[in-house]
Amino acid sequence: MNKKLFVLLVVLMSLSLIGLIFVQSFWIKNSIDSAEEQFSSNVSEALNSVTTKISERESKNYFDKYLNAKDSIGELKGSQLINFFFIDRDVNSNEILLYEHGILEEDYGISSTFFDSSEGADTTIVKNYTSKRTTSIFKEDFDLEGNRFRLNPIQRIEKIGGLNKMEKAAMEEMFMVHAKRVPIHKRVSKQEIELLLQRELENRGVDINFEYGVYSNGLPTKIKSPRFKYAETNIYKSPMFVDFEGVSNFDLLVSFPKKKRFLVQSILGLAMLSLLFTLIIVVAYSGAIYQLIRQKQISEIKTDFINNMTHEFKTPIATINLAVEAIRNPKIIGDQEKVLRYLQMIRDENKRMHAQVENVLRISKLEKNQLDISKDRVDVHDIIEDAITHVELIVGDRGGYVHTHLNAERSEVLANEMHFTNVIVNMLDNAIKYSNEAPKIDVFTERAKNYIIIKVQDQGSGMSKAVVKKVFEKFYREHTGDIHNVKGHGLGLAYVKKIVEDHQGEVYAESEKGKGSTFYIKLPLI
């Protein structure tokens, strides 16, 4: 893939993801704001309903008290009738309308002290009023000479009732004037406020704990819940006992300590679902980007691998061709010693190419879990000694050494002898390849509880921390300028990792640039 196209795709996908996350965040914020607005509206309605019901209850109490007092008096102390009427005549129909409205004032001798006898004498007298409304329609009858001789009633409607709205308002105002002199704790109780608030809030879907308090002209009263605290924010207020002029000395205040949690829970289901889908998209996006980058890296690594493999095969093929041509030379073919030497060179180069092919096939089978690895009881120390014999000639030819320090008291493990020997050989071969001077290798074993630890230590070129993290990856090789200056395909240590893990073990490395490397293998003991 073109590098510019790859970068463009990554940028576009990233912008799309960022935009999606922004939209989701904006939606969640708007949902919370909407929920808070609805919450405030419901609470305000509930408060207004509570204060209205408390006022209506107080007015009803006064009316009931007044009626009880009137019934207890019995006979009237005095009465007076005030009558209003008007007459209207319809010339066309010869009908006369007579409307009468009488107000009967009944004095039962009830003093206003019935509200509270402890307040002392009061000269104000409370009276009862009854309204009587009569509508009569008469039709005029005339004789032959055109003279009216009588009025004939054709309809009469009479209504007797209580006071009209204005008169009721006057009585209510009288009650309010008196009620203002009563202490607030006698006008309303904590139980009444709590019960009404709880009922009204639940009816509007606000099922949440609340605290309340009644304030008089900004000052607290005795009517409040134990944990109520006044604050400028998150307080909902509604006036209580409003008079006919719209003035109130008392306010009912309500706060909700767990308001934020309630609002979040109200949209939690949809928000969590939205966040879940967003998270899935983020994970899928991250995985896609990782795979794109990984595939790009693998493509580059495979290119390096092909180049290295070509280089590795080119040399032995050229050597074999030269040896064959030399043997065909009449001067050489008669020299048995040289012929045998060239034949040995051909055999060695052929074995070298065969080993490289086997290494690649072995890794492929491991990746597909097709490699059958049978395990037997083996001695790790014997395997180490056998592996060293495979590399000691190469090490000796370069003037180096391989020293063993086999200190583990127990060394028997369940392993495949052939594959585990290849593991040790690969680790020793890796130490030899990355030793610029004469290879100096030490092999240690030690016991750690029920495990044996094999340590292969060299004094070679070492590795950086970034290389140590990737050294066991397939096809990975550290670049040192010329990629062919150290022969290999990046498969040896990948093979080591696969085999060790198949033996329920661990493999890891420690290294410092310029100071050599140490590789560790940890296997469970029998």
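Residues numbered from 1 in each chain as written. Predicted model: local features only at pLDDT ≥ 70, side-chain atom pairs only at ≥ 80, totals over all residues. Heavy atoms only, no water.

**Student:** Please clarify how the overall build of the protein should be interpreted in this entry.
**Tutor:** In terms of helices and strands, the protein carries 12 helices and 15 strands. For the protein, with 526 residues in total, the buried portion stands at 35%. Taking the contacts inside the protein whose residues are at least 6 apart along the sequence as the reference set, 68% of them involve residues at least 24 apart. Accessible surface for the protein amounts to roughly 32,900 Å². Of this, 54% is attributable to carbon and sulfur atoms. (Helix = DSSP H or I, 4+ residues; strand = E, 2+ residues; numbered from the N terminus. Buried < 20%, exposed > 50% of the residue type's maximum accessible area, 1.4 Å probe, protein only. Contact = heavy atoms within 4.5 Å. Areas by Shrake-Rupley, 256 points an atom, 1.4 Å probe, with all protein chains shown as cover.)

**Student:** Looking at this structure, how should I read the side chain of Arg-187?
**Tutor:** For Arg-187, the location among the structural elements is in helix α3 (residues 184-187). At 2.7 Å, the side chain of Arg-187 forms a polar contact with the side chain of Glu-58. Setting aside chain neighbours within four positions, we find Arg-187 in contact with Arg-57, Glu-58, Ala-179, Lys-180, Val-182, Phe-241 and Phe-250. (Polar contact = N/O pair within 3.5 Å; in protein donor to acceptor, adjacent residues only side chain to side chain.)

**Student:** What's the story with the pattern of salt bridges in this structure? I'm lost.
**Tutor:** Any two side chains of opposite charge can pair, so long as their charged atoms come close to each other. Tallied over the entire structure, the rule returns 13 salt bridges. Through salt bridges that share partners, Glu-45, Lys-53, Glu-200 and Arg-204 make up one connected network. (Salt bridge = Lys/Arg side-chain N within 4 Å of Asp/Glu carboxyl O.)

**Student:** Whenever I open this one, the sheet that holds strand β14 (residues 506-511) confuses me. Can you help?
**Tutor:** Strand-to-strand pairing in sheets goes through backbone hydrogen bonds, with the strands running parallel or antiparallel. Strand order across the open sheet formed by 5 strands is β10-β12-β13-β15-β14, with mixed pairing between neighbours. With one partner strand each, in any of the chains shown, β10 (401-406) and β14 form the two edges of the open sheet. The average undirected angle you get between the axes of adjacent strands in this sheet is 15°. As paired strands, strand β12 (residues 440-448) and strand β13 (residues 451-458) are joined by 8 bridges and run antiparallel to one another. Each residue of the ladder has a partner; that of Glu-446, found in β13, is Ile-453. Its contacts with the sheet put helix α10 (residues 417-433) on β12, β13 and β15 (517-524), and the angle it makes with β15 is roughly 170°. (Pairing = 2+ DSSP bridges. Axes fitted to C-alpha atoms, helices over the stretch in contact; angles between N-to-C directions.)

**Student:** Looking at this model, I keep getting lost on the sheet that holds strand β7 (residues 235-240). Mind explaining?
**Tutor:** Reading across the sheet, the 4 strands line up as β6-β5-β8-β7 and stay open at both edges, with antiparallel pairing between neighbours. Lying at the two open borders of the sheet, with one neighbouring strand each, are β6 (219-224) and β7. Ignoring strand direction, the axes of neighbouring strands in this sheet form an average angle of 30°. Pairing of strand β5 (residues 211-216) with strand β8 (residues 250-255) involves 6 bridges; the strand directions are antiparallel. Its bridge partner lying in β8, Ser-216 is registered against Phe-250.

**Student:** How should the nonpolar core be read in this particular structure?
**Tutor:** Considering soluble globular proteins, one finds that nonpolar side chains tend to be buried as a cluster. In this structure, Leu-428 and Ile-521 are the most contacted members of the largest nonpolar core, which totals 41 residues. Ranked by the residues each element gives to this core, the list is headed by α10, at 8 residues. If you look at the next biggest cluster of nonpolar residues, it comprises 31 residues, including Phe-39, Ile-193, Ile-208 and Phe-241. (Core = buried A, V, L, I, M, F, W, Y, C linked by side-chain atoms within 4.5 Å.)

**Student:** Can you help me understand α10 in this one?
**Tutor:** It helps to recall that an α-helix has 3.6 residues per turn; residues three or four apart then point in one direction. The terminal C-alpha atoms of α10 lie 24 Å apart, and with 17 residues this matches the ideal 24 Å at 1.5 Å per residue to within 8%. Taken across its 17 residues, α10 has 12 buried, putting it largely inside the fold. Among the residues making up α10, those that are buried are His-419, Phe-420, Thr-421, Val-423, Ile-424, Val-425, Asn-426, Met-427, Leu-428, Asn-430, Ala-431 and Ile-432. Its side-chain oxygen placed 3.2 Å from the backbone nitrogen of Met-418, Asn-416 serves as the N-cap of α10. (Expected span 1.5 Å × (residues − 1).)

**Student:** How should I be thinking about helix α4 (residues 190-203) in this particular structure?
**Tutor:** With 14 residues, α4 extends 20 Å between its outermost C-alpha atoms, agreeing within 8% with the 20 Å of an ideal straight helix rising 1.5 Å per residue. Residues of α4 that are buried include every one of Glu-192, Ile-193, Leu-196, Leu-197, Glu-200 and Leu-201, and no others. Down the axis, α4 shows its buried residues gathered within 140° of arc, on one side only. The first or second residue beyond α4 is Gly-205, which carries a positive phi of 80°. (Arc of directions from axis to C-beta.)

**Student:** What is the right way to look at the side chain of Thr-221 in this model?
**Tutor:** When you line up the elements, Thr-221 lands in strand β6. Looking at Thr-221, the relative accessible area reads 16%, which means it is buried. Of note is the side chain of Thr-221, whose polar atom sits 2.5 Å from the backbone oxygen of Val-214. Once you skip the residues sitting within four places of it in the chain, Thr-221 turns out to touch Ile-184, Val-214, Tyr-215 and Ser-216.

**Student:** Explain the packing of aromatic side chains to me, please; I cannot follow it from the model alone.
**Tutor:** For any pair of aromatic rings, the description consists of the separation of the ring centres together with the inter-plane angle of the planes. For the structure shown, the criterion picks out 8 aromatic pairs. Here Tyr-215 and Tyr-230 contribute two aromatic rings whose centre-to-centre distance is 5.6 Å and whose plane-to-plane angle is 35°, an arrangement assigned as tilted. With Tyr-215 in strand β5 and Tyr-230 in the loop between β6 and β7, this residue pair connects regions lying 15 residues apart in the sequence. A residue is classified by how much of its surface remains accessible, and Tyr-215, at 11% relative accessible area, is buried. Geometrically, the ring pair formed by Tyr-236 and Phe-256 is edge-to-face, given 5.9 Å between the ring centres and 70° between the ring planes. Separated by 20 residues along the polypeptide, Tyr-236 in strand β7 and Phe-256 in the loop between β8 and α5 (259-266) bring together distant segments of the chain. Across this residue pair, the class does not change: Tyr-236 and Phe-256 are buried. (Phe/Tyr/Trp six-rings, centres within 6.5 Å; stacked < 30°, edge-to-face > 60°.)

**Student:** Sorry, what's going on with a nonpolar patch on the surface here?
**Tutor:** On the surface, Leu-5, Val-7, Leu-8, Leu-9, Val-11, Leu-12 and Leu-15 cluster together into a nonpolar patch covering about 600 Å² of accessible area. Assignment of secondary structure puts Leu-9 in helix α1 (residues 3-73). (Patch = residues over 30% accessible without salt bridge, like charges linked within 9 Å, V, L, I, M, F, W, Y side chains within 5 Å.)

**Student:** Please clarify how the environment of Val-467 should be interpreted in this entry.
**Tutor:** Counting through the fold element by element, Val-467 comes out in helix α11 (residues 465-470). Between the alpha carbons of Val-467 and Ser-511 there is a distance of 9.3 Å; along the sequence they are 44 residues apart.

**Student:** I would appreciate a short explanation of unusual backbone geometry in the present structure.
**Tutor:** Glycine aside, residues mostly have negative phi angles, and peptide bonds mostly take the trans form. In the Ramachandran plot, Phe-241 falls in the positive-phi region, its phi being about 55° despite a non-glycine side chain. Structurally, Phe-241 can be placed in the loop between β7 and β8. A relative accessible area of 12% means that Phe-241 is categorised as buried.

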